[in-house]
Each structure stands twice: as structure tokens, then as C-alpha cells.
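The primary structure of each chain is shown beneath.
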Amino acid sequence: MKAVAVFPAQREVRVIDHPDPKLASATQARMRVLDVGVCGTDRDIVSFQYGTPPPGCDYLVIGHESLSEVVEIGAQVSKVKPGDLVVMTVRRPCPHPSCVACRKGRQDFCYTGDFTERGIKEHHGYMTEFVVEEERYLNPVPRELREIAVLVEPLTIAEKSLEQIWTVQGRLPWECPDGDPGRDPSPDPEQSLVRCRHAVVLGAGPVGILGAMALKVEGFDVSVYSRSPDHEEKNKLLNAIGARYIAAETHSTEEMAKTVGSIDLVYEATGSSSFAFDVLKYLGPNAVFVFTGVPGHKGPIPVDTDDIMRNMVLSNQLVVGSVNAPPQAFQSAIKHLGIFVQRWPDTIRSVITGRFPIEHALDALRSQAGGVKNVVTVAS
Ligand code: BGC
Ligand code: ZN
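As the structure is a prediction and not an experimental result, all values here were calculated from the model. (Residues numbered from 1 in each chain as written. Chains lettered and ligands numbered in written order. Predicted model: local features only at pLDDT ≥ 70, side-chain atom pairs only at ≥ 80, totals over all residues. Heavy atoms only, no water.)

**What to know about the domain arrangement of the protein**
- Domain boundaries in the protein define domain 1 (2-148 + 351-377) and domain 2 (156-321).
- Taken over C-alpha atoms, the centre of domain 1 sits 29 Å from the centre of domain 2.
- On the domain 2 side, the residues contacting the 7 residues of domain 1 number 9 residues.
- For the pair domain 1 and domain 2, the summed buried surface comes to about 700 Å²; carbon and sulfur atoms form 60% of the total.
- Our count for the domain 1 to domain 2 interface comes out at 2 salt bridges.
- Of the charged contacts in the structure, one is a salt bridge between Glu163 and Arg106, with a shortest N-O distance of 3.1 Å.
- Applying the counting rule to domain 1 against domain 2 returns 2 residue pairs in polar contact (both at pLDDT 80 or more).
- Grouping the constituent residues of the side of domain 1 that touches domain 2 by class yields 3 nonpolar, 1 polar and 3 charged. (Domains from an automatic or database assignment. Contact = heavy atoms within 4.5 Å. Buried area = accessible area lost by both parts, 1.4 Å probe. Salt bridge = Lys/Arg side-chain N within 4 Å of Asp/Glu carboxyl O. Polar contact = N/O pair within 3.5 Å; in protein donor to acceptor, adjacent residues only side chain to side chain. Nonpolar A, V, L, I, M, F, W, Y, C, P; charged D, E, K, R; others polar.)

As C-alpha cells, then:
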């Protein structure tokens, strides 16, 4: 069957013929891959800066943002049946008994670094026709989300970050002055506990846009600060979800901070450390800053560390890094996507800007001018 593979030693990327996987145990299911999204991680892998083939193999099948349809199940599988749509998680646990995180199904917090990631690290990915996976890594998706469910995985980055944010901000009173602390944290925006809290999203790529949507649904006041050149499109898209768009081209970080007001939360989704550290010094009291981007090595830059450290101490600020996502973040992403389609049907669809057949997957990996999310359509 067809698969898109990177050969790091030969510095090649091509569509190859890859063995069709068979069920190997009663707890597995076999899936027909429908859609595979392409992100910055994939672009880094196909430019040989990231990614590792499985041991003993000279290539890695790429793709970790997927949507597929179950075609066959083992005798002990009960969560899904043939015909169901599923999104698979990305990371698989390390083998070490001492790793409490992996042993508890929280490989997103793996201590040893010996985890694998499908399509990224030592485990083939989803940009191929069929895949086999253990039932516990499958997340069923309702049919109504067929068109956009490939966005579940990139949205899980925000969902895990939100899990972190709610947990760490439980350290202090964070509700709005007239908020009723007994209320559910994700009701309608007017009633939200955090409607007075100013969230800033850095970056208007797919992870940033999906994050802005999730923060809106949770009730935050949301601004997106971005260096992307396509101002008109991004402005329109973000206004449609009730978020403020602030272009870095026309607003310095200081001006952005003035426009937003006291910054309570930053969700970083650019992978640019210079951009992120510039914003760090404008954090408000008791704020939390979440890093999710993985920067390349661009060399050292001057940063006013005294300023940052003073603020962090005197204002109880917190910086937290967040990677990968557990199954519960996939559940939240599926739930949130359902809300996005209800609230913003055209906008959420417009996040997918390009669809490419698997034979033209290399174009999906290359073309990104003005686009938001490219998707490789393996089957329909
Ligand atoms: C994926 C994560 C993964 C990370 C680092 C991201 O693109 O969404 O699942 O953990 O890359 O490899
Ligand atoms: Zn990704």
C-alpha cells in the first residue's frame, strides 16, 4: 500500500510501497486512513531536522494528525466497531517499570524520554492507507464531525494546555470579581468565571487559531498577536469568533499589551523564542504563560532577564511548557470541535485551506503560503 516516507540518511522524501498491516492481537483494530493533517513538525521532519525511523528501518512513515475509519476489529475490542470514525493519539509509553507517568497512561509526561511517537519518533505514522492500533489509543468521533475531525489532534495541544492552566491557576482566586465561584468553568461566555481574564494567543497558525477558539468557548477575552503577513484573512477569521487580531507588523509588544489590558494568560503557538520572550515581560499579576512551540536552534539573543525575574517574583507569575496530549485531551478536543461547528460553522471549515491526494502529499508539505492547514486526503 502507499505511504509517505522520509529517508533521513538519504535525505529523501517520497511515496513508497509499505506493507499492509494485519491485526496481531484481539485488542487491536484495523483502520482505513481518511485524512492526515500536516503541521510544522512534519515540515521539520521532511527537512531532516527532526524525526527518527523505527529501529532497524531506514525510513519513517510520517503523519500524526489523522482521521480514519475502523474496518476490522479484534475479538476483545468493544469501544469501536467497523464503520466508526476514530482519531488516534500520537505518543506511546516507554517500557520502563520505573516511569510512573507511562505506567499510568500519561506518556505525555514520560520521565525517561524513551517514549515513541507515531509519525515522529521511532514508530511509523498515519500517512498511509491502512493502520493497525490498540483499542486504547483510539478516540471515537461522531459522524457529524467527518469534515473537520482531522483538526482534533492539533486542537489537543490547546486542550492539554487548558488542563494545565486550570490545574495551576487553582493555586489562587482567579474568578472575576463578581463571578460566582460555584459555577461550571465552561458555560456561555456572558456567564463565564473568567470573562474578565485576558488571554493572548501568540501565532495565528492552526494551533493558535484552534487555541483561540477553545479559549473563547471557555469564556476568556481573547486576543491573537501574530506576525503572519495575511492580515486581512486572519483579521476576518478571528473577528468571526469574537477574538481580537493584533498584527506584530503594526503593533510593538508594548502596544499589544496596552491594547489587551492586564495579560492573565499567554498561549504560545509560534515556536519563536524571541517573539515569546518579548511578550514574557508584559505579563500581568498572577499570570500563566504556556509554551507549546518547539523552536529550532537560531542562536542566542539578548533578553532582559532582570526585568523578567523581578516581574515573575513580584507578580507570582508562572511559565509552563506543554507537549503532546493524553486521551482526555482528545475527548475535550472532540467536544470542543462539536461546539465550534455549532457556533462558527464557516470559520472552522475555513481552517482547512488545502486538500491533496496522497500522490501529491509532497505539495501539501511544501505549500503553505497564506494557507492555514493542509490535509492529505488518503481515502474518502
Ligand atoms: C505533536 C505532538 C508531539 C510533538 C513533539 C507535535 O507536532 O502534535 O504529539 O508530542 O509534536 O514531537
Ligand atoms: Zn502536529
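**Let's talk about the sheet that holds strand β2 (residues 12-17)**
- Strand order in this open sheet of 3 strands is β2-β1-β4, and the pairing throughout is antiparallel. The open sheet has two edge strands, β2 and β4 (60-61), and neither has a second partner.
- Relative to β2, strand β1 (residues 2-7) runs antiparallel, the two sharing 6 bridges. Considered in β2, the bridge of Lys2 is made with Asp17. (Pairing = 2+ DSSP bridges. Helix = DSSP H or I, 4+ residues; strand = E, 2+ residues; numbered from the N terminus.)

**Concerning the coordination of the zinc ion (ligand 2)**
- Looking at the zinc ion (ligand 2), the protein donor atoms are Cys39 (SG), His64 (NE2) and Glu65 (OE), and they sit 2.1 to 2.6 Å from it.
- Of the residues examined, Cys39 reaches a relative accessible area of 13% and is grouped as buried. (Donors = N, O, S within 2.8 Å, 3.2 Å for Na, K, Ca; no water. Buried < 20%, exposed > 50% of the residue type's maximum accessible area, 1.4 Å probe, protein only.)

**A short note on the sheet that holds strand β7 (residues 91-92)**
- Here we have 3 strands laid out as an open sheet, ordered β7-β8-β9, and mixed in their pairing. Edge positions in the sheet fall to β7 and β9 (122-123), since each has one partner strand and no second.
- Where β7 meets strand β8 (residues 116-118), 2 bridges bridge the pair, whose relative direction is antiparallel. Directly across from Arg92, in β8, lies its bridge partner Thr116.

**Brief notes about the packing of aromatic side chains**
- By the definition in use, this model includes 8 aromatic pairs.
- With a centroid separation of 5.7 Å and 40 degrees between ring planes, the pair formed by Phe340 and Trp344 is classed as tilted.
- In this structure an aromatic cluster arises from ring pairing among Trp166, Trp174 and Phe220.
- Positioned over the ring face of Phe115 is Arg91, at 3.5 Å from the centre of the ring.
- Lying across the ring of Phe115, Lys121 places its NZ or CZ 4.6 Å from the centre. (Phe/Tyr/Trp six-rings, centres within 6.5 Å; stacked < 30°, edge-to-face > 60°. Lys NZ or Arg CZ within 6 Å of the ring centre and 35° of its normal.)

**What to know about the site of ligand 1**
- Cys39, Thr41, Tyr50, His64, Val90, Arg91, Glu117, Ile120, Glu153, Ile157, Val323 and Asn324 make up every residue found near ligand 1.
- Contact distances for ligand 1 include 2.6 Å between an oxygen atom and a side-chain N or O atom of Thr41.
- Measuring from an oxygen atom of ligand 1, one finds a side-chain N or O atom of Glu153 at 2.6 Å.
- For ligand 1, whose unbound accessible area comes to 310 Å², protein coverage reaches 90%. (Near = heavy atom within 4 Å. Areas by Shrake-Rupley, 256 points an atom, 1.4 Å probe, with all protein chains shown as cover.)

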